[in-house]
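# Analysis of the macromolecular model
Take a look at the letters that make up each chain.
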Amino acid sequence: NGMIDHGSMTPAQVKAEYEFMDDTDGGTYDIIDQLEYTVHCDAATQVGLSIAADDEVNGGDNAADVSFTSLGKLPDGQTDIGMAFIAVNEQPTVDAAVAPLLMSMQGNGSDWTTVVSFAPTGKYGQTPYLFTPGNENNNPVAFQNWVGNLQVESSIKKTALDKITQETPYEGTFTLTLSYL
C-alpha cells in the first residue's frame, strides 16, 4: 500500500503551506507531490501496475469522475476533510531508454492506448486502469528496469478546514498492484 501522509497540521499551517484554489464549492487548499517509482525484474518480463484508492470518494459532480481517496473525516465521522488522487505523468524509462506509457481502461490489457498523463485509479466505482511501458505499436514490452513518476495531488476542503479547531492528521492510502501480462 502507498500512503499519503501530510502529518498533523493546524488550519493555520495548512493555509500557510498549501495553495488556495477558489471554486464553486468554497475552495480547496492544494499541494502536489512528485514520487518516483521503480519496478525491477531479474529477467526481462512484461508486467503492469494498477493503483486503487482504498477509501474511495467521488472527486467530482458525477459518478463518471476520477476516483479519489479520502484524506480523513471531521469529528462527525461523515464529512471528508479532503481527498487525493494520483496522476501518472511523463514517459517512463525502461532499461535506460524512454518508452511510451500504455494504459488499459478495461484493466485487463485488452485495449492498450498510448497516454502521456492520466489518473490510473480510473473512474469512481470502476476498476482501476492498468498501465505499463510499451512500444510505438501500442504493445507492452518486456523489461528488467522500469522507472516512472507519479504525481499525488491532495486537496483539503476550505469548508471542512473552517470547522477544524485543533491539529488534525491528513492521510490517505492507495493500493499498488503488480500484474504479470
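All figures in this text were calculated on a predicted structure; none of them were measured in a lab. All chains use their own residue numbering, which begins from 1 and follows the written sequence. Restriction of local features to residues with pLDDT of at least 70 applies here, the model being predicted, together with a cutoff of 80 or more for giving and counting side-chain atom pairs; totals for whole chains, interfaces and linings are based on all residues. Computation of side-chain values: all heavy atoms of the structure, hydrogens and water removed.

With that settled, consider the pattern of salt bridges. Salt bridges, as used here, are contacts in which a Lys or Arg side-chain nitrogen is within 4 Å of a carboxyl oxygen on Asp or Glu. In the structure shown here, the tally under the stated rule is three salt bridges. Of the charged contacts in the structure, one is a salt bridge between Lys 73 and Asp 80, with a shortest N-O distance of 2.8 Å. With a closest N to O distance of 2.9 Å, Asp 162 and Lys 158 form a salt bridge. Relative accessibility decides the category of a residue: with a 1.4 Å probe and only protein chains considered, values under 20% of the type maximum give buried, values over 50% give exposed, and everything between is partly exposed. Taking the relative accessible area as the measure of exposure, Asp 162 reaches 46% and is therefore partly exposed. Taking relative accessible area as the criterion, Lys 158 reaches 26% and is therefore assigned partly exposed. A single salt-bridge network, built from bridges that share partners, covers Lys 15, Lys 158 and Asp 162.

In terms of nonpolar packing, the biggest core is built from 22 residues, with Tyr 37, Val 39, Phe 118, Phe 131 and Trp 146 touching the most fellow members. If you list the elements that add at least two residues to this core, you get strand E3 (28-45), strand E4 (47-53), strand E7 (82-94), strand E9 (101-104) and strand E13 (143-157). With 13 residues, the next largest nonpolar core counts Met 9, Ala 160, Leu 161 and Ile 164 among its residues. In this text, buried Ala, Val, Leu, Ile, Met, Phe, Trp, Tyr and Cys residues form a nonpolar core when linked through side-chain atoms within 4.5 Å. Put simply, DSSP marks the helices as runs of H or I at least four residues long and the strands as runs of E at least two long, and each gets a number from the N terminus on.

Turning our eyes to something else, we now look at the confidence of the model for the protein. For the protein, per-residue confidence averages 84 on the pLDDT scale, and 92% of positions sit at 70 or higher. The secondary-structure element of the protein with the lowest mean pLDDT is strand E1 (residues 2-9), recorded at 69, while strand E8 (residues 97-98) shows the highest, at 94. Per-residue confidence from the prediction method is given by pLDDT, with values spanning 0 to 100.

This part is about the environment of Val 39. Mapped onto the elements, Val 39 comes out in strand E3. Placed 31 residues apart in sequence, Val 39 and Ser 70 show a C-alpha to C-alpha distance of 27 Å. By definition, residues are in contact when any of their heavy atoms lie within 4.5 Å. Setting aside anything within four residues of it in sequence, one finds Val 39 in contact with Val 47, Leu 49, Phe 143, Gln 144, Asn 145, Trp 146 and Leu 178.

Once that is clear, we can look at the packing of aromatic side chains. When the centres of two rings from Phe, Tyr and Trp lie within 6.5 Å, Trp using its six-membered ring, the rings pair. Their planes under 30 degrees apart give stacked, over 60 give edge-to-face, and anything left gives tilted. Within the structure shown, the criterion is met by eight aromatic pairs. Plain terms: the ring middles of Phe 20 and Tyr 29 are 5.0 Å apart, the flat faces sit at 55° to each other, and that makes the pair tilted. Ring plane angle 80° and centroid distance 6.4 Å describe the contact between Tyr 37 and Phe 131, whose orientation is recorded as edge-to-face. Of this pair, Tyr 37 sits in strand E3 while Phe 131 sits in strand E12 (residues 130-133), and the two are 94 residues apart along the sequence. Each member of the pair, Tyr 37 as well as Phe 131, carries the same accessibility label: buried. Through a chain of ring-to-ring contacts, the aromatic side chains of Tyr 37, Phe 118, Tyr 129, Phe 131, Phe 143 and Trp 146 assemble into a single cluster.

Here Ser 104 is to be found in strand E9. Assessed through its relative accessible area of 0%, Ser 104 is described here as buried. In this structure the side chain of Ser 104 is engaged in a polar contact, spanning 2.6 Å, whose partner is the side chain of Asp 111. Once residues lying within four places of it in the same chain are set aside, the contact partners of Ser 104 are Gly 109, Ser 110, Asp 111, Trp 112, Tyr 129 and Leu 130. Between N or O atoms, a polar contact is any pair within 3.5 Å; within protein, one atom must be a potential hydrogen donor and the other a potential acceptor, and residues adjacent in sequence are included only when both atoms are from side chains.

For Asp 95, which is not glycine, the phi torsion reads 50° and is therefore positive. Summarising the element assignment, Asp 95 is placed in the loop between E7 and E8. Accessibility expressed as a relative area gives 39% for Asp 95, which makes it partly exposed. Within the chain, Ala 96 stands out as a residue other than glycine whose phi angle is a positive 75°. Positionally, Ala 96 belongs in the loop between E7 and E8. Looking at Ala 96, the relative accessible area reads 78%, which means it is exposed.

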